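# Architecture and fold: a report
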Amino acid sequence: MLARAGGGNDIQWCFSQVKGAVDDDVAEADIISTVEFNHSGELLATGDKGGRVVIFQQEQENKTQSHSRGEYNVYSTFQSHEPEFDYLKSLEIEEKINKIRWLPQKNAAQFLLSTNDKTIKLWKISERDKRPEGYNLKEEDGRYRDPTTVTTLRVPVFRPMDLMVEASPRRIFANAHTYHINSISINSDYETYLSADDLRINLWHLEITDRSFNIVDIKPANMEELTEVITAAEFHPNSCNTFVYSSSKGTIRLCDMRASALCDRHSKLFEEPEDPSNRSFFSEIISSISDVKFSHSGRYMMTRDYLSVKIWDLNMENRPVETYQVHEYLRSKLCSLYENDCIFDKFECCWNGSDSIVMTGSYNNFFRMFDRNTKRDITLEASRENNKPRTVLKPRKVCASGKRKKDEISVDSLDFNKKILHTAWHPKENIIAVATTNNLYIFQDKMN
Amino acid sequence: MAATLGTGARAEESGQEKQDMQEKETVTPERAEEAKLKAKYPNLGQKPGGSDFLMKRLQKGQKYFDSGDYNMAKAKMKNKQLPSAGPDKNLVTGDHIPTPQDLPQRKSSLVTSKLAG
């Protein structure tokens, strides 16, 4: 059990909702590829392999229902990206949404950035709950009136209508990436953002689509010399000049844009020294960082590699300050995980609002949480079998070897097709969104 | 090293040496897995994180179709059909001339996401 931030009580996680189809036959388009809460937590966006975005909105808290927070209901859904074929390069461009990032709210409308492998789009989501009625030259059904039949004039007025939520693409940022975009990150200046592909990172202004600045370029002059690629990148939450990017070799580089226009020389290099006697064929593959996330405070950053989650203090480059094992029992299964490609799965990770707990996914629809203060961890399962609201989820345990206890599951029984790659934590509350292959689960802590 | 675990010759050694052998045999799980992999695929390259693996990652999505090649091959074959790529449509290798059927039929999904259902 985990300690509630700031208090002595444990968090008890309960099932709240599940979205998506029940059937086991999953269409590829329905595979969820990204999950993200907005800055207030009121909105929850998902992207899928079919290029679609679905946004859920938390309903206003019902004063009489004190035992649970508002539910998330569909607010808007739209087709963000379409499949494309680049005939010049003979390249098929997937419509899969790799990342969604919300802009902080400035006015009545909401804005988000969504990206596939090649193109980033700025979407405006706005509400319409009134419409003008009583035009002089138009009938209510839109037909035009013959002006000669108009004998009196009236002033059109706004009348209420059923709420309509509209999504429209406001900016399209295209043609800036030769390789596949893995990350987008909005700067704390709320004017610029970065996009990162395997070899380059570009800086954009949200208002300008016809140019972007290249700020990192690790492409070698001779591609035969290629040894590592960029796997993730993020802006610092407070310092608008600072960003980090992680690599397939397990390193993280922190760059300061004030130092030079092209940040090929890092300001800091974070790397844990490797024990050479432990090196194996798999070492580099499992050290590849699949996600990097700054803490809300900006003091720490978290990285996810295949088997662990590491917390780094920005002031200490030579090793992480905390390391949490996600599924160490997989170390003795690396051969088969290499053969079935699971060793290349890219798990994400996230912080809770107060940076006291971190969460990441695993296989068999398990997900893990680590409390940084109590050093306790918990494994939970996203499954429709546990879907009674307000019933506390039972912790799961994997038996690595030897005699399996009752209620434990052995490593060989784990379903490696059931992966939880994407999770998100509400910025303020203990509400989490966990994506299985094609379903979205929402869990909340038990309120009494 | 790891690959030489438990070979017949060693089993005949004396007790003390056997114990030493056993200590050496408790290799890390990773090394044991590496041995398994190398036993299955003896031609596996030395550097897994090296160029080949990364180049494959960078070339994701690459498809091949040349209308000139296709039309010339069709003319040669006259009335016969050009062979399509096999079940593994992503692999166009050797003398196989890609046909339009080999190209991915990409259409955007006009269906609403089931999450919104």
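Relevant structure appears above.
Calculation rules
Residues numbered from 1 in each chain as written. Chains lettered and ligands numbered in written order. Predicted model: local features only at pLDDT ≥ 70, side-chain atom pairs only at ≥ 80, totals over all residues. Heavy atoms only, no water. Helix = DSSP H or I, 4+ residues; strand = E, 2+ residues; numbered from the N terminus. Rg over C-alpha atoms; globule rule 2.2 N^0.38 Å. Buried < 20%, exposed > 50% of the residue type's maximum accessible area, 1.4 Å probe, protein only. Contact = heavy atoms within 4.5 Å. Areas by Shrake-Rupley, 256 points an atom, 1.4 Å probe, with all protein chains shown as cover. Lys, Arg positive; Asp, Glu negative; His and termini not counted. Charge placed at Lys NZ, Arg CZ, Asp CG, Glu CD. Polar contact = N/O pair within 3.5 Å; in protein donor to acceptor, adjacent residues only side chain to side chain. Phe/Tyr/Trp six-rings, centres within 6.5 Å; stacked < 30°, edge-to-face > 60°. Lys NZ or Arg CZ within 6 Å of the ring centre and 35° of its normal. Pairing = 2+ DSSP bridges. Axes fitted to C-alpha atoms, helices over the stretch in contact; angles between N-to-C directions. Buried area = accessible area lost by both parts, 1.4 Å probe. Salt bridge = Lys/Arg side-chain N within 4 Å of Asp/Glu carboxyl O. Nonpolar A, V, L, I, M, F, W, Y, C, P; charged D, E, K, R; others polar. Core = buried A, V, L, I, M, F, W, Y, C linked by side-chain atoms within 4.5 Å. Expected span 1.5 Å × (residues − 1). Arc of directions from axis to C-beta.

### Looking at the overall build of chain A
Counting its regular elements, chain A contains two helices and 34 strands. Compactness check: chain A gives a C-alpha radius of gyration of 24 Å against a globular reference of 22 Å for 448 residues, within 12% of the reference. Counting only C-alpha atoms and orienting by the principal axes, one finds that chain A spans roughly 95 × 60 × 45 Å. Residues counted as buried form 53% of the 448 residues belonging to chain A. Pairs at least 24 residues apart make up 54% of the contacts formed inside chain A by residues separated by at least 6 positions. Here chain A displays about 20,900 Å² of accessible surface, and carbon together with sulfur accounts for 46% of that area. Positive and negative side-chain charges in chain A, numbering 59 and 67 respectively, have mean positions lying 4 Å apart.

### Digging into the side chain of aspartate 445 of chain A
With respect to the element layout, aspartate 445 of chain A can be found in strand E34 (residues 440-445). Among the polar contacts listed, one links the side chain of aspartate 445 of chain A to the side chain of arginine 69 of chain A, at a separation of 3.0 Å.

### Side note on the packing of aromatic side chains
Residues and elements named next belong to chain A. Going through the model one piece at a time under the given rule, you end up with 22 aromatic pairs over all chains. For the ring pair phenylalanine 78 and tryptophan 123, a centre distance of 4.4 Å and an interplane angle of 35° mean the geometry is tilted. Linking phenylalanine 78 in strand E7 (residues 72-79) with tryptophan 123 in strand E12 (residues 120-133), this pair joins segments that are 45 residues apart in sequence. By relative accessible area, which is 9% here, phenylalanine 78 ends up buried. Here tryptophan 123 falls in the buried class, since its relative accessible area comes to 5%. Grouped by ring-pair contacts, the aromatic residues Phe15, Phe367, Tyr441 and Phe443 constitute a single cluster. Over the ring of tyrosine 135 we find lysine 138; its NZ or CZ atom is 5.0 Å from the centre of that ring.

### Topic: the sheet that holds strand E22 (residues 291-294) of chain A
Residues and elements named next belong to chain A. An order of E22-E23-E24-E25 is seen for the four strands of this open sheet, with the pairing classed as antiparallel. Of all strands in the sheet, those with a lone pairing partner are E22 and strand E25 (322-325), marking the two edges. Each strand axis lies, on average, 15° off the axis of its neighbour in the sheet, ignoring direction. Taken together, the five bridges between strand E23 (residues 300-304) and strand E24 (residues 308-313) define a ladder with antiparallel strand orientation. Bridged to methionine 302 within E24 is isoleucine 311.

### Examining the interface of chain A and chain B
At the junction of the two partners, chain A supplies 61 residues and chain B supplies 40 residues. Both faces combined, the contact of chain A with chain B buries some 4,100 Å², and carbon together with sulfur accounts for 57% of it. On the chain A side of the contact with chain B, Glu92, Phe281 and Cys335 of chain A bury the most area, a combined 16% of that side's loss. At the boundary of chain A and chain B, one finds six salt bridges. With a closest N to O distance of 3.6 Å, glutamate 94 of chain A and lysine 60 of chain B form a salt bridge. Where chain A touches chain B, the interface holds 16 residue pairs in polar contact (both at pLDDT 80 or more). The set of elements that each furnish at least two residues to the side of chain A that touches chain B consists of strand E5 (43-48), strand E6 (52-58), E7, strand E9 (91-93), strand E18 (230-235), helix H1 (283-287) and helix H2 (334-339) of chain A. Here the side of chain A that touches chain B takes five residues from H2 of chain A, the largest share from any one element. Its residues assigned to classes, the side of chain A that touches chain B comprises 24 nonpolar, 18 polar and 19 charged.

### Let's talk about the nonpolar core
Residue and element names in this part refer to chain A. Grouped together as the largest cluster of nonpolar side chains are 21 residues, with contacts concentrated most on Tyr306, Leu330, Leu337 and Ile343. Among the secondary structure elements, those contributing two or more residues to this core are H1 and H2. For this core, the element with the highest residue contribution is H2, accounting for three residues. Apart from residues no more than four positions distant in its own chain, leucine 330 is found in contact with Tyr306, Leu307, Leu337, Tyr363, Val411 and Phe416. Listed in part, the 18 residues of the second largest apolar core include Ile357, Met359, Trp425 and Phe443.

### Considerations on the pattern of salt bridges
For the coordinates displayed, the defined rule picks out 39 salt bridges over all chains. Here aspartate 445 of chain A makes a salt bridge to arginine 69 of chain A, at a shortest N to O gap of 3.0 Å. Taken together, the residues span a long stretch of sequence, with aspartate 445 of chain A in strand E34 and arginine 69 of chain A in the loop between E6 and E7 at a distance of 376 residues. Arginine 279 of chain A is the partner of glutamate 274 of chain A in a salt bridge, and the nearest nitrogen-oxygen pair spans 3.0 Å. Here arginine 279 of chain A falls in the partly exposed class, since its relative accessible area comes to 36%. The network of salt bridges with common partners includes Asp30, Asp48 and Arg52 of chain A together with Lys114 of chain B.

### As for the environment of lysine 74 of chain B
Counting through the fold element by element, lysine 74 of chain B comes out in helix H4 (residues 67-77). Residue classification places lysine 74 of chain B among the partly exposed positions, given a relative accessible area of 38%.

### Overview of the sheet that holds strand E32 (residues 422-425) of chain A
All names here are of chain A. In space, the four strands of this open sheet follow the order E3-E34-E33-E32, with antiparallel pairing throughout. With one partner strand each, in any of the chains shown, strand E3 (13-19) and E32 form the two edges of the open sheet. Sheet twist, expressed as the mean angle between neighbouring strand axes with direction ignored, is 20°. Both strand E33 (residues 431-435) and E34 contribute to a ladder of five bridges, which runs antiparallel. Bridged to isoleucine 432 within E34 is phenylalanine 443.

### Comments concerning unusual backbone geometry
For tyrosine 190 of chain A, which is not glycine, the phi torsion reads 60° and is therefore positive. We classify tyrosine 190 of chain A as partly exposed; its relative accessible area is 45%.

### Points about helix H2 (residues 29-40) of chain B
Helix length check: H2 of chain B (12 residues) gives 17 Å between terminal C-alpha atoms against 16 Å at 1.5 Å per residue, within 8%. Listed as buried for H2 of chain B are Glu30, Glu33, Glu34 and Leu37 of chain B. Buried residues of H2 of chain B, viewed axially, fall in a sector of 105°; they line one side. On the buried face of H2 of chain B, the contacting elements are H1 and H2 of chain A.

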